[in-house]
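The primary structure of each chain is shown beneath.
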Amino acid sequence: MRSGSRKASPAPGGRCASFHGPVTTDWKTEKGRFHPTEGLRVNTTVEVWIPAARPDDVTHPGARFLRMDEGRVVFAIGSGEYRFTA
């Protein structure tokens, strides 16, 4: 983690405050697929936990795979907006 960055854990479909501004999360399901979207301000990092059997089951442009944990694929993301598909 870079100096000055913070970590936050937003609830699904919600928003939480971080030192650098709001962290937003939203999702929808369409044709049996799960589509979460995460939005982060500058110098903010979060872990995104996506229900999936393996990392290859998740499309995640720009996100960094961290690990599998309790039937979920865990990714790290930094500032910006990210759209996942599982």
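A brief report on the enclosed structure follows. Keep in mind the model is a prediction, meaning the values are calculated, not measured. Residue indices follow the written sequence of each chain, beginning from 1 at its first position. At least 70 in pLDDT is required for a residue's local features to be given in this predicted model, at least 80 for side-chain atom pairs to be given and counted, and no such filter applies to totals for whole chains, interfaces and linings, which use all residues. As a rule here, side-chain values come from all non-hydrogen atoms in the structure, and water together with hydrogens is ignored.

### Looking at the pairing of strand β6 (residues 64–69)
As a reminder of what qualifies: Strands are treated as partners if at least two bridges between them are detected by DSSP. Under the scheme used here, helices are H or I runs from DSSP no shorter than 4 residues and strands are E runs no shorter than 2 residues, and both carry numbers assigned from the N terminus.
The pairing of β6 with strand β7 (residues 72–77) spans 5 bridges and is antiparallel. Within the sheet, the bridge partner assigned to Asp69 lies in β7 and is Arg72. Counted along the chain from β6 to the antiparallel partner β7, the turn is 2 residues long, and its residue Glu70 has a positive phi close to 55 degrees.

### Considerations on unusual backbone geometry
Peptide bonds are mostly trans, and most non-glycine residues show a negative phi. A positive phi is found at Lys31, a non-glycine position, where the angle reads about 50 degrees. Summarising the element assignment, Lys31 is placed in the loop between β3 (21–30) and β4 (33–40). Not every positive phi belongs to a glycine, and Glu70 is a case in point at roughly 55 degrees. Inspection of the secondary structure puts Glu70 in the loop between β6 and β7.

### Remarks on the packing of aromatic side chains
So the rule is basically this: Pairs were defined over the aromatic rings of Phe, Tyr and Trp, the Trp ring being its six-membered one, requiring ring centres within 6.5 Å. Orientation was assigned from the angle between planes: stacked under 30 degrees, edge-to-face over 60, tilted for the rest. Accessible area is worked out with a 1.4 Å probe on protein chains only. A residue is then buried under 20% of its type maximum, exposed over 50%, and partly exposed in between.
Taken as a whole and judged by the stated rule, the model has 2 aromatic pairs. Here Phe65 and Phe75 contribute two aromatic rings whose centre-to-centre distance is 6.2 Å and whose plane-to-plane angle is 75 degrees, an arrangement assigned as edge-to-face. You can see Phe65 sitting in strand β6 and its partner Phe75 sitting in strand β7, a full 10 residues away along the chain. Exposure remark for Phe65: the relative accessible area of 37% places this residue in the partly exposed category. When the centroid spacing of 5.6 Å and the interplanar angle of 40 degrees are considered together, the rings of Phe75 and Phe84 count as tilted. The pair Phe75 / Phe84 is uniform in exposure class, with both members buried. Linked through ring pairs, Phe65, Phe75 and Phe84 together constitute an aromatic cluster.

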